[in-house]
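Structural characterization, general
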Amino acid sequence: MRARHAGPAMVSALLFASLPAPQLRVSAQASPQPYSALVFYIGAHQDDWELFRGNAAMNDLRNPNTRVVFIYASAGDAGRTDGWWEARERGAVAAVRSGIGQEPLTITYVALHDHRILRYASRNSASYFLRLPDGKYQAGTGYPATNNESLTQLRDAGKPISAVDKSTTYASWADFRQTLQAIMTLEGTLAPSVIHPLVNAPDYAGVDNSHPDCQKPGTCNACDHPDHRAIADALREFVSGKYNRVWWVGYDSEHRPENLTGQDFGRKGRAFLAYGGAVLDDTTANGKPVQPDLGEWRSWGARDYFRSVTWDQPDPDNPVCESGTRGAVPNTAAHR
Ligand SMILES: [Zn+2]
């Protein structure tokens, strides 16, 4: 989502529940499924995967033998404390469920790397919400409501960052990165036959839009949100050597030709509308209805641009970008 990144707490009671051996509970819960693929969608905000890789995620969710894990680093609060981020979180959960159908949703907390993290699970999916403050479009410096904390400043200045629900604090960039890695390792234990899972995430190769000159030629993902870029930077530090990667183009894809049609386009639309519909329901209940952002859909809905890197390749500073055509995802065997 662009600037409008951003409801009452649906799970606040659970927030303070005790945490008896969460990893074991998670493991026991999903043990019988023989997953043949494990795919991560890791972004900042609640509508990022829907807008930039929604077709791929929906196709993955359809296959019960594919385990699909979503990680949202930001609360997407936009500096607001009026129920907006809670509404967006509901939207993200609804988008995932729209790709699964009628299956139970369970909510737990996992304790990883000394952090308590909210986890939703339904059939072959898990969704983690770290609820860190929105870093602010074209700024990366956060909002007064969240003490001007941001992932950018955690990375660049070592300024600690606390979840908007005050559930935990990340003291350092390494702490944040290692927590992401711990989530991915935990999920890997639920798909033990998958040696090289696939990670979908924003491309790190570009200057974020807090820099006025971000649109310089030759980068793969120009002028993306500072939070998107921060996620990319954290992942880049550890994914090579283990994970296949699909580095997606974020905001900049709006400048490229439409390239999604048919079922891919339709399924991506279903995810986006499920997100938007749930946000509308929740914000209506809050007294300030927010309609699905069709302007954002027009910018990104019919587009899907990314570049693929296999697990055994490095992530150099200046990679070869995919240009003008859709990249090829590593084949199923390569995902393992
Ligand atoms: Zn975003």
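To be clear, the structure that these remarks concern was listed above.
Now for a quick tour of the structure. All values reported here derive from a predicted model rather than from experimental measurement.

Conventions adopted
- Residues numbered from 1 in each chain as written.
- Predicted model: local features only at pLDDT ≥ 70, side-chain atom pairs only at ≥ 80, totals over all residues.
- Helix = DSSP H or I, 4+ residues; strand = E, 2+ residues; numbered from the N terminus.
- Buried ≥ 20, exposed ≤ 12 C-beta atoms within 10 Å, placed from the backbone.
- Contact = placed C-beta atoms within 7 Å.
- Pairing = 2+ DSSP bridges.
- Axes fitted to C-alpha atoms, helices over the stretch in contact; angles between N-to-C directions.
- Left-handed = near helix turned anticlockwise from the far one by under 90°.
- Nonpolar A, V, L, I, M, F, W, Y, C, P; charged D, E, K, R; others polar.
- Core = buried A, V, L, I, M, F, W, Y, C linked by C-beta atoms within 7 Å.
- Expected span 1.5 Å × (residues − 1).
- Parallel < 35°, antiparallel > 145°, perpendicular 65-115°, else oblique.

Here's the deal with the overall build of the protein
Along the protein, the regular secondary structure elements total ten helices and ten strands. Looking at the protein residue by residue over its 336 residues, the buried ones come to 50%.

As for the pairing of strand β9 (residues 244-248)
Burial runs high along β9: five of the five residues are buried. Neither face of β9 is exposed, since Asn244, Val246 and Trp248 on one face and Arg245 and Trp247 on the opposite face are all buried.

Focus on unusual backbone geometry
Even without being a glycine, Asp114 presents a positive backbone phi close to 65 degrees. With respect to the helices and strands, the residue Asp114 is situated in the loop between β3 (106-112) and β4 (115-122). We classify Asp114 as partly exposed; it has 13 C-beta atoms within 10 Å. The phi dihedral of Arg123 falls on the positive side, at around 45 degrees, and the residue is not glycine.

A closer look at helix α7 (residues 226-236)
Burial analysis of α7 places ten of its eleven residues in the buried class, which makes it a mostly covered element. Every buried residue belonging to α7 is among Pro226, Asp227, His228, Arg229, Ala230, Ile231, Ala232, Ala234, Leu235 and Arg236, and all of these are buried. Against β1 (37-43), α3 (48-62), β2 (66-74), α5 (151-157), α6 (173-188) and β8 (198-202) lie the buried residues of α7.

Some words on the pairing of strand β5 (residues 125-132)
Within β5, eight of the eight residues are buried, which leaves the element mostly enclosed by the surrounding structure. Along β5, one buried face is formed by Ser125, Ser127, Phe129 and Arg131 and the opposite face, lined by Ala126, Tyr128, Leu130 and Leu132, is buried too. Examined bridge by bridge, β2 and β5 share six bridges and lie parallel to one another. Bridge assignment links Phe70 to a residue of β5, and that residue is Ser127. Of the strand pairs in this sheet, β4 and β5 are connected by five bridges, and their pairing is antiparallel.

Describing the packing of helix α4 (residues 84-98) against helix α8 (residues 262-286)
Contact geometry of α4 with α8 gives a least axis separation of 7 Å together with a crossing angle of 145 degrees. Seen along the crossing, α4 lies across α8 with a hand that is right-handed. Touching Glu86, Ala87, Arg88, Arg90, Gly91, Ala92, Ala94, Ala95 and Ser98 of α4 are Arg270, Ala271, Ala274, Tyr275, Gly276, Gly277, Ala278, Val279, Asp282, Thr283 and Asn286, all from α8. Its residues assigned to classes, the contact of α4 with α8 comprises nine nonpolar, six polar and five charged.

What to know about the nonpolar core
Judged by nonpolar contacts, the single largest core of 84 residues is most densely connected at Phe40, Ile71, Tyr128, Ile231, Leu235 and Tyr275. Broken down by element, this core gets its largest block of residues, eight residues, from α4. Discounting residues that sit within four places of it in the chain, Tyr275 has contacts with Asp47, Glu50, Gly91, Ala92, Ala94 and Ala95.

Quick look at α6
Its 16 residues give α6 an end-to-end C-alpha distance of 23 Å, which sits within 8% of 22 Å, the value for a rise of 1.5 Å per residue. Considered for burial, the residues of α6 that qualify are Trp173, Phe176, Arg177, Gln178, Thr179, Leu180, Ile183, Met184, Leu186 and Glu187.

Things to note about the sheet that holds β5
Taking strand neighbours across the sheet as the criterion, the eight strands line up as β3-β4-β5-β2-β1-β8-β9-β10 in an open arrangement whose pairing is mixed. On the outer flanks of this sheet lie β3 and β10 (306-309), each paired with one strand and no other. Recorded for the sheet is a direction-independent mean angle of 20 degrees between the axes of neighbouring strands. Those strands touched by α3 are β1, β2, β5, β8 and β9, and its axis lies near 165 degrees from that of β1. The sheet contacts of α6 involve β1, β2, β3, β4 and β5, and relative to β3 the element is tilted by about 120 degrees.

A few points about the environment of Asp233
Looking at the element boundaries, Asp233 is found in helix α7. Residue classification places Asp233 among the partly exposed residues on the basis of 18 C-beta atoms within 10 Å. Placed 30 residues apart in sequence, Asp233 and Asp203 show a C-alpha to C-alpha distance of 8.7 Å. In contact with Asp233, other than residues within four places in its own chain, are Arg155 and Tyr204.

Comments concerning the packing of α3 against α8
Two numbers describe how α3 lies on α8: the axes approach to 8 Å, and their chain directions differ by 115 degrees. With respect to α8, the element α3 is oriented roughly perpendicular. Here α3 and α8 pass one another in a crossing that is right-handed. Mapping the contact onto sequence places Glu50, Leu51, Gly54, Asn55, Ala57, Met58 and Asn59 in α3 and Asp264, Phe265, Arg267, Lys268, Arg270, Ala271, Phe272 and Tyr275 in α8. Residue classes in the contact of α3 with α8 are distributed as seven nonpolar, three polar and five charged.

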